[in-house]
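# Structural overview for review
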Amino acid sequence: LTENIINTETQIECTGIFTKYESQGYAPACWIYTQMDGQLTHGYDNVTEALKDSCNIFFYDVGRRLGISLLDEYAQKFGLGEYTGIEVYESKGHVAGPGYTESLGQKWYDGNTLPAAIGQENNQFTPIQLANYVATLANGGTHYSAHLLKEVKSSDFSQVVYQYEPEVLNELDLDPENLEAVTRGMLMVTQPGGSAYSYGFNTLDIQVAAKTGSAQVSSATESNAVFVCFAPYEDPEIALAIVVEKGGSGSTLSSIAVEILDYYFSSGSGMETVEGENTLLR
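I will try to describe carefully the structure that is included in this document. This structure is a prediction, so every number in the text was calculated from the model and none was measured. (Residues numbered from 1 in each chain as written. Predicted model: local features only at pLDDT ≥ 70, side-chain atom pairs only at ≥ 80, totals over all residues. Heavy atoms only, no water.)

## Concerning the overall build of the protein
Of regular secondary structure, the protein possesses nine helices and nine strands. In summary, the protein has a C-alpha radius of gyration of 21 Å against a globular reference of 19 Å for 282 residues, a match within 12%. Overall, the protein is about 70 × 45 × 40 Å in size when its C-alpha atoms are taken along their principal axes. A burial count over the protein gives 40% of its 282 residues as buried. (Helix = DSSP H or I, 4+ residues; strand = E, 2+ residues; numbered from the N terminus. Rg over C-alpha atoms; globule rule 2.2 N^0.38 Å. Buried < 20%, exposed > 50% of the residue type's maximum accessible area, 1.4 Å probe, protein only.)

Quick look at the structure:
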């Protein structure tokens, strides 16, 4: 959207199978085409609808047009495959691309951009990278360093000896119309007709923007289930990234997210309130 490869109204037809590289022996399919034995596709989707539908064909085509260099550039701006700055040891992971593939002694082909565009190929991201990525979307494009430590006090709690100051790593210049097209697609995931709606989002008093994912490991292994979200949609306070190894579809994690969000927004009901610092809870 930012690079004007597409706009918010651009429609791409889900043909079921992406045939651009068919002559080279590579023709990946959309998940709905595979699950429905070739009897169903998503039809024409714009970017908002494609996010709601998780349409592989849409993002294969957009990724191909954009190219792997720009895909990687934007992934890194959002902190994917980069250190988050959190105060404990963390894995950096990496973004898929010619450089990493060649470091493994393998050859990069143009068709590799397709799975990279939907988060597959050699992409490896951590849950906290995903949560921080979603938080950056939710706040309008300010990418902050992640942190655990809020403040340090003296042993008698009388003085604050250190207080964490938010650190901005970079700012993304996101057009509000483009950003709204993306976040609205995420909102539709949890609304009637969305893949996560039936898992309890109808029971929450707030609107949630979310995205499901199935991170494939190998053809012989069940995919890792991934679910990311932020809430409330209109005035975000919290971002989540939930990953279950070999969990299959990300939509199955929706109920976990619902429980976390319900607890967060219910003022901690069901747990004793902390009266003061240095207080032990049962």
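What follows picks up the thread again.
## Some thoughts on helix 4 (residues 68–77)
Three or more residues of helix 4 are buried, namely Ile68, Asp72, Tyr74 and Ala75. The buried side chains of helix 4 occupy one side of the element, clustering within an arc of 165° when seen end-on. The elements touched by buried residues of helix 4 are helix 5 (98–103) and helix 6 (113–117). The positive-phi residue at the C-terminal boundary of helix 4 is Gly79, with phi of around 90°. (Arc of directions from axis to C-beta. Contact = heavy atoms within 4.5 Å.)

## Looking at the state of the cysteines
Here a disulfide denotes a covalent bond joining the sulfur atom of one cysteine to the sulfur atom of another. Under the definition given, this model contains zero disulfides. Cysteine Cys14 is unpaired, with the sulfur of Cys55 as its nearest cysteine sulfur at 3.8 Å. With relative accessibility at 2%, the residue Cys14 sits in the buried group. Just so you know, Cys30 is unpaired, no disulfide at all, and the nearest cysteine sulfur is the one on Cys14, 4.0 Å from it. (Disulfide = S-S within 2.5 Å.)

## Observations concerning the environment of Ala181
With respect to the helices and strands, the residue Ala181 is situated in helix 8 (residues 176–189). Exposure remark for Ala181: the relative accessible area of 2% places this residue in the buried category. Between the C-alpha atoms of Ala181 and Glu49, which are 132 residues apart in sequence, the distance is 9.1 Å. In contact with Ala181, other than residues within four places in its own chain, are Thr8, Val47, Thr48 and Leu51.

## Brief notes about helix 7 (residues 127–138)
For helix 7, built from twelve residues, the straight-helix expectation of 16 Å at 1.5 Å per residue is met to within 8% by its first-to-last C-alpha distance of 16 Å. Within helix 7, the full set of buried residues consists of Gln129, Leu130, Ala131, Asn132, Val134, Thr136 and Leu137. Tucked into the core, helix 7 has its buried residues touching strand 3 (142–144), helix 8, strand 8 (224–231) and strand 9 (238–244). Gly140 sits one or two residues past helix 7 and shows a positive phi near 100°. (Expected span 1.5 Å × (residues − 1).)

## Structural notes on the nonpolar core
Counting residues in each nonpolar core, the largest one holds 35 residues, and the members touching the most others are Cys55, Ile57 and Phe58. Elements that contribute at least two residues to this core include exactly strand 1 (12–14), helix 2 (47–53), helix 3 (56–66), helix 7, helix 8 and strand 8. The biggest single contributor to this core is helix 8, with five residues. (Core = buried A, V, L, I, M, F, W, Y, C linked by side-chain atoms within 4.5 Å.)

## Some thoughts on the packing of aromatic side chains
Inspection of the entire model under this criterion finds six aromatic pairs. Relative to Tyr133, the ring of Phe78 has its centre 5.1 Å away and its plane inclined at 75°; by these criteria the two rings are edge-to-face. Taken as a pair, Phe78 in the loop between helix 4 and helix 5 and Tyr133 in helix 7 lie far apart in primary sequence, 55 residues in all. The class of Phe78 is buried, set by a relative accessible area of 10%. On the accessibility criterion, Tyr133 (28% relative accessible area) is partly exposed. Ring centres of Phe230 and Tyr233 lie 6.3 Å apart, and the angle between their planes is 20°; this geometry places the pair in the stacked category. The exposure classification of Phe230 matches that of Tyr233, with both residues buried. Just above the ring of Tyr74 sits the side chain of Lys77; from NZ or CZ to the centre is 4.8 Å. (Phe/Tyr/Trp six-rings, centres within 6.5 Å; stacked < 30°, edge-to-face > 60°. Lys NZ or Arg CZ within 6 Å of the ring centre and 35° of its normal.)

## What to know about a negative patch on the surface
Together, Glu9, Asp173, Asp175 and Glu177 give the surface a local cluster of negative charge. Mapping Asp173 onto the fold places it in the loop between strand 6 (168–171) and helix 8. The exposure class assigned to Asp173 is exposed, which follows from its relative accessible area of 72%. (Patch = residues over 30% accessible without salt bridge, like charges linked within 9 Å, V, L, I, M, F, W, Y side chains within 5 Å. Areas by Shrake-Rupley, 256 points an atom, 1.4 Å probe, with all protein chains shown as cover. Salt bridge = Lys/Arg side-chain N within 4 Å of Asp/Glu carboxyl O. Lys, Arg positive; Asp, Glu negative; His and termini not counted. Charge placed at Lys NZ, Arg CZ, Asp CG, Glu CD.)

Functional significance is not addressed by these values, which are geometric in nature.
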